[in-house]
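Each chain, written out:
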There are 2 protein chains.
Amino acid sequence: MPETELVVAAPHRELLDQVLNKWSLAILNELCERPCRFNDLRRAIPAVTQKSLTATLRRLERNGIVERVVVSSRPVAVEYRITPLGKTLRHPVDVLLEWAAAHMPAIEQARARFDEA
Amino acid sequence: MPETELVVAAPHRELLDQVLNKWSLAILNELCERPCRFNDLRRAIPAVTQKSLTATLRRLERNGIVERVVVSSRPVAVEYRITPLGKTLRHPVDVLLEWAAAHMPAIEQARARFDEA
DNA sequence: CAGAATCCCGTGCGATACTG
DNA sequence: CAGTATCGCACGGGATTCTG
C-alpha cells in the first residue's frame, strides 16, 4: 500500500527534521552515556556553538527526547538527561549509522564517478 | 568507546543530509516500487516542485542511490531506478519510519506539554 | 555556569517563466 | 518530456557580545 506510506510520509519528515538535524545525533550520543551539564556537552562536542547547542537541546526537549533538570540555583546548574522516549530513538539511529558506516566506501566511489563526469 | 562514535559522527551526518532530506524518502519510496520517469515522480509526489525534484534526484544519483537512464531521445525519455546500493537504504529508513509512527502520539503529547509552558 | 541577544551569511526550497 | 534559469524568502547555523 504505497498510498498510506506517502500520506504518512509528511508528518514523519517533519519529525525527522526535528530529531535528526545537524547536532542531534552527537547530543543524543552523549546523553545516552550519561546525564550532562550544558558545558559538558560543549566540551564533548567542541564544534557546536553555544547557540546551536541551546537550540538543539530545546528542540529535543520539546519533542520529549531529552529532559532539562535544574539541579541548583546560585550558581545555576542544569542537567540534561535522555528520556525513556529518547532511548527508543537509539536503535533506529544506530541502524542508520551502521548503514552509513557499511556503505560509505561504495558511496564515495559513486561520488567520485559522478564528479568526474 | 564514545570517541570512535564521535569521530565517525561527522562524515555520517554529511551523508545523512545528502540522503535524508525533505523529498528523498518520498522519492525512494516510489523508486523502490518501480522505475519512474521524471513526470511519474511529479505525479506521485504532487507537493514537490520540479526544481526540488531535479535537485534531489541529482543528489541521490551522485551518491549512487538512484540511477538515471536515458531511455530514448526524440522525444527525450529518462527513467530513474533504484540501485542495489539504494535498496540497502530501505531497511534503515523503514526502521526509522516505524519508530516515528510508533512514537508520534507520545511526541505530540510532549510538544503540547512543552508549548503550554 | 547557562544561557540570551544581535548580526550576518549560505542555501534549501518554493514560485514562475522559458527551452531543446 | 525533462529539464534549466531567475528571483526571492525563510531559516539553520556561525561569530560575537552581554548577563543573572
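Residues numbered from 1 in each chain as written. Chains lettered and ligands numbered in written order. Predicted model: local features only at pLDDT ≥ 70, side-chain atom pairs only at ≥ 80, totals over all residues. Heavy atoms only, no water.

- In the nomenclature of an unreviewed UniProt entry, chain A corresponds to Helix-turn-helix domain-containing protein from the organism Actinomycetospora flava.

### A word on the overall build of chain A
Item 1. Counting secondary structure elements, chain A contains five helices and three strands.
Item 2. For chain A, the succession of helices and strands along the chain, N to C, is α-α-β-α-α-β-β-α.
Item 3. For 117 residues, the compact-globule formula gives about 13 Å, and the C-alpha radius of gyration of chain A, at 18 Å, lies well above that figure.
Item 4. Projecting the C-alpha coordinates of chain A onto the three principal axes gives extents of approximately 60 × 35 × 25 Å.
Item 5. Entry remark: accessible area of chain A is about 6400 Å², with carbon and sulfur atoms responsible for 55%.
Item 6. When the 17 positive and 15 negative side-chain charges of chain A are each reduced to one mean point, those points stand 11 Å apart. (Helix = DSSP H or I, 4+ residues; strand = E, 2+ residues; numbered from the N terminus. Rg over C-alpha atoms; globule rule 2.2 N^0.38 Å. Areas by Shrake-Rupley, 256 points an atom, 1.4 Å probe, with all protein chains shown as cover. Lys, Arg positive; Asp, Glu negative; His and termini not counted. Charge placed at Lys NZ, Arg CZ, Asp CG, Glu CD.)

### As for the nonpolar core
Item 1. Residues A:I27, A:L31, A:I65, B:L20, B:I27, B:L31 and B:I65 are the most contacted members of the largest nonpolar core, which totals 61 residues.
Item 2. Look past the residues within four positions of B:L20 in its chain and what remains in contact with it is A:R13, A:L20, A:L96, B:L25 and B:L96. (Core = buried A, V, L, I, M, F, W, Y, C linked by side-chain atoms within 4.5 Å. Buried < 20%, exposed > 50% of the residue type's maximum accessible area, 1.4 Å probe, protein only. Contact = heavy atoms within 4.5 Å.)

### Focus on the protein's contact with DNA strand D
Item 1. In the vicinity of DNA strand D lie 19 residues, with A:K51, A:S52, B:R37, B:Q50 and B:R68 positioned nearest.
Item 2. Close to the protein, within 4 Å, the atoms of DNA strand D belong to sugar or phosphate groups at a rate of 65%.
Item 3. At 3.4 Å from a base nitrogen of DNA strand D is found a side-chain nitrogen or oxygen belonging to B:K51.
Item 4. The set of elements that each furnish at least two residues to the surface near DNA strand D consists of α4 (50-62) of chain A together with α3 (38-44), α4 (50-62) and β3 (77-82) of chain B.
Item 5. Residues belonging to the surface near DNA strand D are distributed by class as follows: six nonpolar, six polar and seven charged. (Near = heavy atom within 4 Å. Polar contact = N/O pair within 3.5 Å; in protein donor to acceptor, adjacent residues only side chain to side chain. Nonpolar A, V, L, I, M, F, W, Y, C, P; charged D, E, K, R; others polar.)

### So, the packing of helix α2 (residues 24-33) of chain A against helix α5 (residues 84-116) of chain A
Residue and element names in this part refer to chain A.
Item 1. Orientation of α2 relative to α5, taken along the N-to-C sense of each, is 125°, at an axis distance of 11 Å. The angle between α2 and α5 falls in the class oblique. Considering how the two elements wind past one another, α2 and α5 form a crossing that is left-handed. Contacts from L25, L28, N29 and C32 in α2 reach G86, R90, V93 and L97 in α5.
Item 2. Tallied by class, the residues present in the contact of α2 with α5 amount to five nonpolar, two polar and one charged. (Axes fitted to C-alpha atoms, helices over the stretch in contact; angles between N-to-C directions. Parallel < 35°, antiparallel > 145°, perpendicular 65-115°, else oblique. Left-handed = near helix turned anticlockwise from the far one by under 90°.)

### Re the pattern of salt bridges
Item 1. According to the stated counting rule, one finds 15 salt bridges over all chains in the structure shown.
Item 2. In this structure, the salt-bridge partner of A:D40 is A:R43, at a minimum N-O distance of 3.0 Å. Placement of the pair is A:D40 and A:R43 together in helix α3 (residues 38-44), with a separation of three residues, close to one helical turn.
Item 3. By relative accessible area, which is 27% here, A:D40 ends up partly exposed.
Item 4. Across the pair B:R13 and B:D17 runs a salt bridge whose closest N-O atoms are separated by 2.4 Å. Separated by four residues within a single helix, B:R13 and B:D17 lie in helix α1 (residues 2-19), roughly one turn from each other.
Item 5. According to the relative accessible area criterion, B:D17 is partly exposed, its value standing at 43%. (Salt bridge = Lys/Arg side-chain N within 4 Å of Asp/Glu carboxyl O.)

### What to know about the relation of the copies chain A and chain B
Item 1. If you rotate chain A by 180° and push it 0.0 Å along the axis, it lands on chain B with an RMSD of 0.1 Å. One copy is carried onto the other by what is essentially a two-fold rotation axis. For chain A, the smallest separation between a C-alpha atom and the rotation axis is recorded for A:P92, amounting to 3.5 Å.
Item 2. A share of 100% of interface residues in chain A that are also interface residues in chain B marks the association as one of identical surfaces. (Least-squares fit on C-alpha atoms with pLDDT ≥ 70 in both.)

### A look at the interface of chain A and chain B
Item 1. Contacts between chain A and chain B engage 45 residues on the former and 45 residues on the latter.
Item 2. Roughly 4200 Å² of surface becomes buried between chain A and chain B when both sides are summed, with 69% attributable to carbon and sulfur atoms.
Item 3. When residues of chain A are sorted by the area they lose upon contact with chain B, A:R62, A:W99 and A:R111 head the list and together hold 17% of the total.
Item 4. Where chain A meets chain B, there are four salt bridges.
Item 5. Its salt-bridge partner being A:R62, residue B:D115 comes within 2.8 Å of it at the nearest N-O pair. (Buried area = accessible area lost by both parts, 1.4 Å probe.)

### Structural notes on α4(B)
Residues and elements named next belong to chain B.
Item 1. Taking 1.5 Å per residue as the helical rise, α4 with its 13 residues ought to reach 18 Å, and the 18 Å between its terminal C-alpha atoms agrees with that figure.
Item 2. If you check which residues of α4 are buried, you get L53, T56, L57, L60 and E61. When α4 is viewed along its axis, its buried side chains cluster within an angular range of 135° and face the same direction.
Item 3. One or two steps after α4, the chain reaches G64, where phi turns positive at roughly 75°. (Expected span 1.5 Å × (residues − 1). Arc of directions from axis to C-beta.)

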